[in-house]
Amino acid sequence: MKIIKLYMAVAAMTAGMALTACGDSFLHTEPTTQGAAGAAGDVQNINSGLAASYQILNFESFPNASYESSVFIGDIQSDDLWKGGGDASDGMNGMNMAVAMFNTSGNLTLNGTWNIYTSGITRVNSVLGLIETAATNNPAETTLIRKYKAEALFLRAFYLYMLWRSFGAVPFQETLFEPPYVCRQLTPDEVYAQIIKDVEGAIGHFTDAEMNTNDGENNGRASLAAAYMLKARAVMYQKDQARYQETAKGLAAIIKSGQYALMTDYAGMWLQEGEFCSESIFEANNLPGTKDFYSAWENGGSNLPTYISPNGLVGDTGFEGGWGFGPVRPEAYSMFEEGDQRRDASIRDLRGDATGGTAGDVNKTPWGASYTMRFQDTGFFLGKYAARTGYHKPTGTGDTNWCNNLRIFRYAETLLAYAELTLTTGDIDGVSGADCLNQVRDRAFGDKNHRVALTLENIQQENHLEFVGEGHRYYDVVRWGITSVLHVDNVPGLNTSRDWEPNNRYVAIPQAEIDATKGTAFELKQNPGY
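My aim in this report is to walk through the structure given alongside it, one point at a time. (Residues numbered from 1 in each chain as written. Predicted model: local features only at pLDDT ≥ 70, side-chain atom pairs only at ≥ 80, totals over all residues. Heavy atoms only, no water.)

To continue, consider the packing of aromatic side chains. Under the criterion given, the structure shown has 27 aromatic pairs. Pairing Y161 with W164 gives two aromatic rings, centres 6.0 Å apart and planes at 50 degrees, and the pair type is tilted. Taken as a pair, Y161 and W164 lie in helix α6 (residues 139-167) at a separation of three residues, close to a single helical turn. Between Y474 and Y475, the ring centres sit 5.3 Å apart and the planes meet at 80 degrees, which makes this aromatic pair edge-to-face. For Y474, a relative accessible area of 2% puts it in the buried group. Classification of Y475 as buried rests on a relative accessible area of 6%. An aromatic cluster of at least three residues, connected via ring pairs, comprises F62, Y67, F72, F293, Y307, W323 and F325. Across the ring face of Y475, the terminal group of R165 is positioned such that the distance to the ring centre comes to 4.0 Å. (Phe/Tyr/Trp six-rings, centres within 6.5 Å; stacked < 30°, edge-to-face > 60°. Helix = DSSP H or I, 4+ residues; strand = E, 2+ residues; numbered from the N terminus. Buried < 20%, exposed > 50% of the residue type's maximum accessible area, 1.4 Å probe, protein only. Lys NZ or Arg CZ within 6 Å of the ring centre and 35° of its normal.)

Where charged atoms of side chains with opposite charge meet at close range, the side chains can pair. Applying the stated criterion to the full structure yields 35 salt bridges. Ionic pairing is found between R184 and E190, a salt bridge with its closest N-O pair at 3.2 Å. Taking the relative accessible area as the measure of exposure, R184 reaches 42% and is therefore partly exposed. Here E279 ties to R410 by a salt bridge, and the two come within 2.6 Å at their closest N and O atoms. Here R410 lies in strand β6 (residues 406-410) and E279 lies in the loop between α9 (244-257) and β1 (280-284), a separation of 131 residues in the sequence. Residue E279 shares its accessibility class with R410, and that shared class is buried. Via salt bridges that share partners, E279, E337, D340, R342, K384, R410, R441, R443, E462, E466 and E470 belong to a single interconnected network. (Salt bridge = Lys/Arg side-chain N within 4 Å of Asp/Glu carboxyl O.)

Turning next to the layout of surface pockets. Of the pockets and cavities examined, the largest pocket occupies roughly 240 Å³. A per-class count over the lining of the largest pocket returns five nonpolar, seven polar and two charged. Roughly 200 Å³ of volume is contained in the second largest pocket. If you trace the second largest pocket, you find it lined by M236, K239, Y244, E420, L421, L423, T424, L456, R479 and W480. At four residues, helix α13 (residues 411-425) tops the list of elements feeding residues into the lining of the second largest pocket. The residue inventory of the lining of the second largest pocket, partitioned by class, reads six nonpolar, one polar and three charged. (1 Å grid on protein atoms, 1.4 Å probe; cavity = no way out; pocket = protein on both sides within 12 Å on 5 of 7 lines; lining within 4 Å. Points joined across faces, edges and corners; volume = space filled by probe spheres on them. Nonpolar A, V, L, I, M, F, W, Y, C, P; charged D, E, K, R; others polar.)

Angle between the axes and distance between the axes are the two parameters that describe a pair of packed helices. α9 packs onto helix α8 (residues 224-238) with a crossing angle of 145 degrees between their chain directions and a minimal axis gap of 9 Å. Seen along the crossing, α8 lies across α9 with a hand that is left-handed. Packed against α8, whose contacting residues are A225, Y228, M229, K231, A232 and V235, the element α9 presents Y244, E246, T247, G250, L251, A253 and I254 at the interface. Across the contact of α8 with α9, the residue classes break down as nine nonpolar, two polar and two charged. (Axes fitted to C-alpha atoms, helices over the stretch in contact; angles between N-to-C directions. Left-handed = near helix turned anticlockwise from the far one by under 90°. Contact = heavy atoms within 4.5 Å.)

For helix α7 (residues 188-205), spanning 18 residues, the distance from its first C-alpha to its last is 26 Å, which sits close to the expected 26 Å at 1.5 Å a residue. Inspection of α7 places V191, Y192, Q194, I195, I196, D198, V199, A202 and I203 among the buried residues, and these make up the whole buried set. Taken together, the buried residues of α7 touch α6 and α8. (Expected span 1.5 Å × (residues − 1).)

Position of N303 relative to the elements: it lies in the loop between β1 and α10 (304-308). For N303, a relative accessible area of 1% gives the class buried. Beyond its immediate sequence surroundings of up to four residues, N303 is in contact with S61, F62, Y67, W323, D399 and T400.

F154, Y159, W164, I254, F282, F409 and Y418 are the most contacted members of the largest nonpolar core, which totals 127 residues. If you tally residues by element for this core, the top one is α6, at 16 residues. Counting residues in hydrophobic clusters, the runner-up holds six residues, among them L313, L350, A354 and Y371. (Core = buried A, V, L, I, M, F, W, Y, C linked by side-chain atoms within 4.5 Å.)

Turning our attention to the pairing of β6. Burial analysis of β6 places five of its five residues in the buried class, which makes it a mostly covered element. With four bridges connecting them, β1 and β6 associate as antiparallel partners. Considered in β6, the bridge of F282 is made with F409. (Pairing = 2+ DSSP bridges.)

Within the structure shown, the criterion is met by eight cavities of 30 Å³ or more. Reported here for the largest cavity is a volume of approximately 410 Å³. Contributing to the lining of the largest cavity are 30 residues, with Y161, R165, R233, E413 and H472 lying nearest its centre. Those elements that provide at least two residues to the lining of the largest cavity are α3 (70-76), α6, α8, β6, α13 and α16 (473-480). Sort the elements by how many residues they give to the lining of the largest cavity and α8 lands first, with five residues. Taken as a whole, the second largest cavity spans an internal volume of roughly 90 Å³. Together, 13 residues line the second largest cavity, and E68, S70, T113, Y117 and M162 are the ones closest to its centre. Listed by contribution, the elements that provide at least two residues to the lining of the second largest cavity are α3, α5 (111-133) and α6. Along the lines of polarity and charge, the residues of the lining of the second largest cavity split into seven nonpolar, three polar and three charged.

Keep in mind that these numbers describe shape and distance, not what the molecule does.
So, in structure tokens, the structure goes:
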């Protein structure tokens, strides 16, 4: 069920918030709210600012008019996808990610990602400024403001995490900017420390009663469980073993709360009926709006379904066509065992009479559907966020307004992350790491006959199987240090060779952002190797 309370009124909320440069980097943006100019915070303007801060989540598939969905980018850098699209030069930011040739300007690095999340941090800083000036003797308002602060700290930590995992060293300050709108660039380790500071602040402000916010009224809002999950992602990506014990304890608290459960029907989880389900810990609520190709900062839905669906698809009941980016490599499909329900939910098999042919050929499937093959076609396409009939409404541009919610944290990740941590910490608070792994396997096969031992290799494989098409794979590969799987041999007509070097952990900072700081006290420095 779509809950519109949080996002549908964002346009009206932000209209009075002086979002004078929300499409710009925060390095040169105006203050985000009138509160920043001196007005005291109150429940109403804090909540309005928080809504504007959440709005950033709706920009992630088409950030600043760039095709950089975190799902696509996280998988195009991995061993699961080819780039696809019209030809080798179509969607060059994806092509550069696919071959590890990262350019430092324009759309050839993740400038949209940089743009929306730095803007998001600026919006959150404004909210936190309002919270600091708020004064009330009303207990109900005090409770709301405490909860709003937890949400704001979570969002700032999440947006900073999204910047950190892509760029490493990013500029940051906790307060609003004043002319000339620049600040010190933190090192990757300093950014990590700030993420931990904020997420622990969020954990401290949430109550146990706010472990789950999927109550119909607060769907899409952050929760204590979401904060525990964000901390786990950051700690495990940093390999900060000193925090493994406390991180595992937080995940154990989610598990022991009994407020989440795996969905029996894995495929059903990706339908609209599966949004905010028992497995959903945090998801972006994508709703139709006025967003189009020339107004990417308007309210609206997702571009991802169009981006990854087969071009010119007809005759495939329940699905629509798209642009043909991100065809799945055959190896990703074949890694699944027979009977694993995740395979067909994650990867759509549209192989047909022209599979293996050339771009422009029409491929007909055995059941009568057809589509026009594009660059690097394999016949396999991502399924979780596929373009489904009826999932975009007659508002704005259909290609940028799909209603498929983005699942950011799922309970399956809680179970697998906890199981992985227990390899170092041992079981915490009576929660069995082996049982957590078994739960994920049991759901996948619908029985208890496919269980495996709790080993790092099995955890790695289970993460690969569970999260195909969700943008996890590349970052998992990097944190596990198994980057040899990212090597690709040259195949004429299909792809160029790719090798991963340690400096590729972080992409290039957009050159325009570096140029904007020239001559200031805080000139941005480019990442090594670019």
